[in-house]
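Residues per chain, in single letters:
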Amino acid sequence: MATFIYSLLPSFFFIIILIYIIFYKPKQDTKLPSGQMGLPWIGETILFYRAQRKNQLFVNFFQPRIKKHGKIFKTKLMGSPTVVVNGAAANKFFMSNEFKLVVSSWPTSSVEMMGKNSIMEKQGDAHHCLRGIIASMLGPTGMQMMMPKTCISIQKHLQKNWENNEEISLHRSTKRLTFTIVLECLFGIGIEQETMIGIFECVLEGVLAAPINLPWTKFSRAKKARADIEKVLVDEVRRKQEAMESGKDEENGMLLSNLVAALIRGEITEAEVVDNVVLLVFAAHDTTSYAISMTFKMLANHPDCYSVLLKEHEEIARAKRPGETLNLEDVKKMEYTWQVARETMRLCPPIFGSFRKATTDIEFEGFIIPKGWKVLWTTYGTHYDEEYFPDPMSFNPSRFADLVQAYAFIPFGGGPRLCAGYQLAKLIILVFMHYVVTRYDWSLVYPDEPIVMDPLPFPSKGMPIKISPKSDN
Ligand code: HEM
């Protein structure tokens, strides 16, 4: 009997080992990224805000943590445990897994100001539907229509605000200009600009303010301004709807017509139309104007680059008849200018990054990001990494003459939430550069003007520049 049992032992062990191999799941080597969670509840928010206000987010906040903990690190910001991710692989993973593993996640005040029905709050099919309508005017066909309007708008703006002036605030000027281009040329909304721009700016101030609704707070002022805008826009939308339903719409083909057409078809609501007008004005306003201002600053500090850029525009201008406006073919020729603008946005990105929320436990590069945690991708962490951009702190536009690794240059984000207005921003920047550099000599009043952030970056003195019309104009 004993011999029989002994003879079975090898088979017994063999079966045990087999069961072990089949059913054993090695304990996954996943862990939270390293990093510090800071103080209870507020975490490292104060350090983050302090660095942000001085426009030192990279040097004072991201860089020391990347050095200590690596490109993926944890922290706690605005009450939420957060994993900060940097590098092309992380950008690709988190941006392209929008709706699958993460969803965009904005602070309460931003949602209140932009509206719960704006595209940034939409997920999945609802996002896809709205994105389709908005993209109808912001893709290649839209750009064909926007091109002449943008040229006229920029020339009118320069005539009205630059002519007979020796000094202007470049940043204020470009903010006003993008506001006009988005409202008038893109949407076809001709409401009174001067009052509206002030009200919009008041709303923008509340976008990242603490959501405390007391009479003296920024948030409360912004909420009131938001209600004023809503009233004006609701009237506009209803007027447009009436005109379209009675076949009397004269401005057909503009983005407001496309949105109202979708409203009439029952695809979107009136609130969705209004909230997305507000969102697009906000999305275009401070970003494009900052990109333009910083491009001028970089050119002022790099006269060799300015000479190359100027030559590019003089050649384009020489090929035009007097009074002939630019076309998309001319814009294609502005290759070096676009390299300069991209290099500027690499070093001075208008958006420092964006928050997402994990909708499930996420495994990435051996780390686990628990469901409900925030994920923050940052432009700086990749743009300033020498793995993608050798000698990263130097201004070298020609680096964009070569193909840049996917997801390493991300001023416009990526994945399903890639900036919908990317092509319009490019058009405004290039056309504006053209008309300014071919018509004006200019110089910065304060070459070392500090940049501050609230919540987006801007030149602290509005970037005044001295201007004089070129003699051959
Ligand atoms: C230099 C100028 C601009 C920069 C740097 C910029 C940057 C960005 C970034 C980084 C995002 C993605 C945010 C995220 O992932 O959470 C974004 C989204 C967006 N941008 Fe821009 N933007 C610019 C100009 C514009 C303009 C001119 C418009 C339209 C008129 C626009 C409309 C939008 C919209 C609608 C979204 C949301 C897309 C979505 O959620 O599907 N942007 N932008």
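Rules and cut-offs
- Residues numbered from 1 in each chain as written.
- Predicted model: local features only at pLDDT ≥ 70, side-chain atom pairs only at ≥ 80, totals over all residues.
- Heavy atoms only, no water.
- Helix = DSSP H or I, 4+ residues; strand = E, 2+ residues; numbered from the N terminus.
- Buried < 20%, exposed > 50% of the residue type's maximum accessible area, 1.4 Å probe, protein only.
- Contact = heavy atoms within 4.5 Å.
- Areas by Shrake-Rupley, 256 points an atom, 1.4 Å probe, with all protein chains shown as cover.
- Lys, Arg positive; Asp, Glu negative; His and termini not counted.
- Charge placed at Lys NZ, Arg CZ, Asp CG, Glu CD.
- Donors = N, O, S within 2.8 Å, 3.2 Å for Na, K, Ca; no water.
- Axes fitted to C-alpha atoms, helices over the stretch in contact; angles between N-to-C directions.
- Parallel < 35°, antiparallel > 145°, perpendicular 65-115°, else oblique.
- Left-handed = near helix turned anticlockwise from the far one by under 90°.
- Nonpolar A, V, L, I, M, F, W, Y, C, P; charged D, E, K, R; others polar.
- Domains from an automatic or database assignment.
- Buried area = accessible area lost by both parts, 1.4 Å probe.
- Pairing = 2+ DSSP bridges.

S.K.: Hey, could you run me through the overall build of the protein chain in this one?
M.R.: In terms of helices and strands, the protein chain carries 17 helices and twelve strands. Evaluated residue by residue, the protein chain yields a buried proportion of 51% over its 473 residues. Considering only contacts within the protein chain whose residues lie at least 6 apart along the sequence, 72% involve residues at least 24 apart. When the accessible surface of the protein chain is split by element, carbon and sulfur atoms take 57% of a total near 22800 Å². Within the protein chain, one finds 54 positive and 50 negative side-chain charges whose respective centroids are separated by 6 Å.

S.K.: Got a minute to help me understand the coordination of the iron atom of the ligand in this structure?
M.R.: Ideal geometry at a metal centre gives angles of 109.5 degrees when four donors are arranged tetrahedrally and 90 or 180 degrees when six donors are arranged octahedrally. For the iron atom of the ligand, the protein supplies a single donor, Cys419 (SG), at a distance of 2.3 Å. Mapped onto the elements, Cys419 comes out in the loop between helix H16 (380-383) and helix H17 (422-439).

S.K.: What should I look at first to understand the packing of helix H10 (residues 218-245) against helix H12 (residues 270-301) in this one?
M.R.: Helix-helix packing: each pair is described by the crossing angle between the helix axes and the interaxial distance. At a minimum axis separation of 10 Å, H10 and H12 run at an interaxial angle of 120°. Taken together, the axes of H10 and H12 are oblique relative to one another. Judged by the sense of rotation from one axis to the other, the crossing of H10 with H12 is right-handed. Residues Arg226, Ile229, Glu230, Leu233, Val234, Val237 and Arg238 of H10 lie in contact with H12, whose contacting residues are Glu270, Val273, Val274, Asp275, Val277 and Val278. In terms of residue class, the contact of H10 with H12 is built from eight nonpolar, no polar and five charged.

S.K.: Just checking my understanding: could you explain the domain arrangement of the protein chain for this structure?
M.R.: How large an interface is tends to be reported as the accessible area lost when its parts come together. Entries for the protein chain in the domain assignment read domain 1 (57-116 + 352-410) and domain 2 (128-328 + 421-452 + 460-473). Once you take the C-alpha centre of each, domain 1 and domain 2 turn out to be 27 Å apart. If you look at the interface, domain 1 gives eleven residues, while domain 2 gives 18 residues. Regarding the contact of domain 1 and domain 2, the summed buried area is about 1200 Å², with carbon and sulfur atoms giving 72% of it.

S.K.: I'm lost on the sheet that holds strand E4 (residues 167-169) in this one. Help?
M.R.: Within a sheet, neighbouring strands are paired by backbone hydrogen bonds and run either parallel or antiparallel to one another. Pairing is antiparallel across the open sheet formed by three strands, whose spatial order is E4-E12-E9. Strands with a single pairing partner mark the edges of an open sheet, and in this sheet they are E4 and strand E9 (440-444). On average, adjacent strands in this sheet sit at an angle of 35° to one another, irrespective of strand direction. Alignment of E9 against strand E12 (residues 464-469), held across five bridges, turns out to be antiparallel. Opposite Leu444, over in E12, you have Ile465 as the bridge partner. In the packing of helix H8 (residues 170-187) onto the sheet, the strands contacted are E4 and E12, and the crossing angle to E4 comes to about 60°.

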